[in-house]
There are 2 protein chains.
Amino acid sequence: MPLVVTGTIGIDTVSGPTGHAENVLGGSCTYFSAAASFYTQVRMVAAAGDDLPDEHREMIAKFEGIDTTGLEIREGSRTFRWGGKYMENMDQRETLFTDLGVLEEAPPPVPESYADSKYVFLANNHPAVQLDLLSKFPNAALAVADTMDLWINTANDQLRALLKKVHGLALNHEEAEQLTGKRNAVAAARHILEMGPQFVVLKKGEHGCLLIHREGIGALPAYPSETVIDPTGAGDSFAGGMMGFIASESERDANINPTDFDVILRALGHGTVVASFNIESFSLGRMVELTRAQIAERFDEFTGMLRVHG
Amino acid sequence: MPLVVTGTIGIDTVSGPTGHAENVLGGSCTYFSAAASFYTQVRMVAAAGDDLPDEHREMIAKFEGIDTTGLEIREGSRTFRWGGKYMENMDQRETLFTDLGVLEEAPPPVPESYADSKYVFLANNHPAVQLDLLSKFPNAALAVADTMDLWINTANDQLRALLKKVHGLALNHEEAEQLTGKRNAVAAARHILEMGPQFVVLKKGEHGCLLIHREGIGALPAYPSETVIDPTGAGDSFAGGMMGFIASESERDANINPTDFDVILRALGHGTVVASFNIESFSLGRMVELTRAQIAERFDEFTGMLRVHG
């Protein structure tokens, strides 16, 4: 059980052109873990309040690959809540409210049984917290962090300290520009490589992603979905598919280096496919019914969509 | 010499964050032909005024694969002129002026020697003109039209008549939405297939393209360019690389059907690569120095960027 994710459990209220979902299960840790669980065992590190409904705990338990030892239900605290509204084009959203709850308190403790984790994903959080959490995993062979504009603006020094410690950074194009002052996506990502990481995953939502790696460049479209119900968690399920695949491949074959360009590019293909299922429903509705066979089938389909060579 | 393109010769004035170019050679027919000429012989059908500078004619002549029999220099007329300005992000532009000139007169005549053309690209124009031009090529095995929002709004009936006659349509995402009322790119393109064509190429600029074909779906990123000097002509050079490849492949092997999904998807890969060179300079500066070996090298690189399968 080598993969661990640190992040949030959320209670989300989402609305948009495709409908409305109230107080459903969300959060970066949730989406990541659900996605990764199709590839490998995944260890959660997250805190929730005692207001987390039983049905949400039961939903998490339905994913057999998720280890919830590190899911702390904190008595007297409130679970993080987020409300958002998607615009007509489904690629832009507005945050209607955030209630930080337990996120304003101390980070969740990392169980001792997790100390041997080899693959670490630090979902979006204050970089100082990410740094502290990362220090709990001394055997990390691959550590990847997500971040956001807020930390680039308010905790830039700590973010730069984090970048010296992780192998990879995931962020979107606008954030990369903000962090580096460079408008060109490739130039911005190359600049980030100089800050420490071996690779940068530039997330472009419905437009796919770029991999800027010291060994080379990758570029993938998103899976062209006709059924987009709720993009919430797309980035985290993408990361979950990616990290789950890498952990699974590296465990299967000890000769595979989890930071190699080829491995990560293939992993991004898996992340793309898993995320494409996630957005087909609100919350984890589609993921909880997903099978490995369905992932494999769509992965083959996706591969065929990219076949430019004879 | 089976490939023909109908379009414009332009004198462009372009400015943006990367510089300024005044009265340089442009036009859809020019960019298309230059790109296609790396793959096959390409026949131009276009008109220019007698104000077209000698250096611009000489530039066209430098591309050995271009047949200019159908390039009419019209005495007493003015060449189409366009002025545009690119915004900071290089993916949006503003038209500063258009001087239609010869485009307000009768379309150029199609030389008799072109009547046997098998591969036809109708660059953006009024759909009634495109229909008339298409009728001059009774042996067309593959006819593809480009269009724009103006014709969707002002010549919708003629555009729909055109769609019944062509095998493929190229347009951008917003235009597909405008034509069909559907926001989802795949759904919009599928709707267009019901109007007649066998495939739709959805152009997304720096985000690549989608191929929605009766036989399946393709999705490609753009080549991740670090050197973007001038995106003018990107769509036309993309189409030129695509059509040039298809014409070349189909002539090489009579068993290849030029409207097959696999052929067109591979062709879009070539279009992507040729267009990525085009945007590295103003006008045809990069294209005129381009070699087939450079295209082949970047095509291999691009293939490697998409390699999600082990």
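As a reminder, the structure under discussion sits directly above these lines.
Residues numbered from 1 in each chain as written. Chains lettered and ligands numbered in written order. Predicted model: local features only at pLDDT ≥ 70, side-chain atom pairs only at ≥ 80, totals over all residues. Heavy atoms only, no water.

**Remarks on the overall build of chain A**
Formally: To qualify as a helix, a DSSP run of H or I must reach at least 4 residues; to qualify as a strand, a run of E must reach at least 2; elements of each kind are numbered from the N terminus. Using C-alpha atoms as the atom set, the radius of gyration is obtained and then compared with a globule rule of 2.2 Å times the number of residues to the power 0.38. Accessible area is worked out with a 1.4 Å probe on protein chains only. A residue is then buried under 20% of its type maximum, exposed over 50%, and partly exposed in between. Two residues form a contact once any of their heavy atoms are found within 4.5 Å. A 1.4 Å probe and the Shrake-Rupley method give the accessible areas. Residues count as covered only by the protein chains that appear here. His is not counted here, nor are the chain ends, while Lys and Arg score as positive and Asp and Glu score as negative. To locate a charge, take atom NZ for lysine, CZ for arginine, CG for aspartate or CD for glutamate.
The helix and strand inventory of chain A stands at ten helices and 13 strands. Computed over C-alpha atoms, the radius of gyration of chain A comes to 18 Å, within 12% of the 19 Å expected from 2.2 N^0.38 for 310 residues, which places it in the range of a compact globule. Along the longest, intermediate and shortest principal axes, the C-alpha atoms of chain A span 55 × 40 × 40 Å. Among the 310 residues that make up chain A, the fraction classed as buried is 60%. In chain A, the proportion of contacts linking residues at least 24 apart, taken out of those at least 6 apart, comes to 66%. Summing over all exposed atoms, chain A offers an accessible surface of approximately 12000 Å²; the carbon and sulfur share of this is 46%. Measuring between centres, the 25 positive side-chain charges of chain A sit 6 Å from its 42 negative side-chain charges.

**Thoughts on the environment of Tyr 119 of chain A**
All names here are of chain A. Short version of the rule: Definition of a polar contact: a pair of N or O atoms within 3.5 Å, with one able to donate and the other able to accept a hydrogen when the atoms are protein atoms, and with sequence-neighbouring residues admitted only if both atoms are side-chain atoms.
Structurally, Tyr 119 is set in strand β8 (residues 119-122). C-alpha of Tyr 119 to C-alpha of Met 243: the two residues are 124 residues apart in sequence and 7.4 Å apart in space. Contact partners of Tyr 119, with chain neighbours within four places excluded, come to Pro 2, Leu 3, Val 4, Leu 142, Met 243, Ala 247, Ser 250, Glu 251 and Pro 258. Side chain to side chain, Tyr 119 and Glu 251 meet in a polar contact 2.9 Å long.

**Considerations on unusual backbone geometry**
Peptide bonds are mostly trans, and most non-glycine residues show a negative phi. Phi angles above zero are rare outside glycine, and Ser 283 of chain A is one such case at about 50°. With respect to the helices, strands and loops of the structure, Ser 283 of chain A is situated in the loop between α9 (261-278) and α10 (292-305).

**So, the interface of chain B and chain A**
Rules: Using a 1.4 Å probe, buried area is obtained as the accessible area two parts lose upon being combined, added over both of them. Salt bridge criterion: a side-chain nitrogen from Lys or Arg within 4 Å of a carboxyl oxygen from Asp or Glu.
Counting residues at the interface gives 35 residues for chain B, matched by 35 residues for chain A. Three residues stand out in chain B for area buried against chain A, namely Glu 226, Met 305 and Val 308 of chain B, and they jointly supply 22% of the buried area on that side. Along the contact surface separating chain B from chain A lie three salt bridges. The salt bridge partner of Glu 226 of chain A is Arg 190 of chain B, with a shortest N-O separation of 2.7 Å. One can count eight residue pairs in polar contact (both at pLDDT 80 or more) joining chain B with chain A.

**Structural notes on the pairing of strand β10 (residues 168-172) of chain A**
Residues and elements named next belong to chain A. We apply this condition: Strands qualify as paired when DSSP identifies two bridges or more between them.
A large share of β10 lies buried, amounting to four of its five residues. The sheet contact formed by strand β9 (residues 142-146) and β10 spans three bridges and is parallel. Following the sheet pairing, Val 144 is matched in β10 by Gly 168.

**A few points about the relation of the copies chain B and chain A**
We count it as follows: Here the copies are matched by least squares. The fit uses the C-alpha atoms of residues with pLDDT of at least 70 in both.
Its rotation angle being 180°, the transformation that places chain B on chain A also includes 0.0 Å of axial translation and leaves an RMSD of 0.0 Å. Accordingly, the operation relating the two chain copies is best matched by a two-fold axis. For chain B, the minimum C-alpha distance to the rotation axis belongs to Pro 221 of chain B and amounts to 2.6 Å. Comparing interface residues between copies, 100% of those in chain B also sit at the interface in chain A, which points to an isologous, same-surface contact.

**So, the sheet that holds strand β2 (residues 10-16) of chain A**
All names here are of chain A. Threshold: Geometry is summarised by axes, namely lines fitted to C-alpha atoms with helices restricted to the contacting stretch, and by angles between N-to-C directions that run from 0 to 180 degrees.
In space, the four strands of this open sheet follow the order β3-β2-β6-β7, with mixed pairing throughout. The two strands at the open ends of the sheet, each matched to only one other strand, are β3 (19-26) and β7 (93-99). The average angle at which neighbouring strand axes cross in this sheet is 15°, direction not considered. By the bridge criterion, six bridges tie β2 to strand β6 (residues 80-86) in an arrangement that is parallel. Within the sheet, the bridge partner assigned to Val 14 lies in β6 and is Gly 84.

Treat this as a map of the structure, not an account of what it does.
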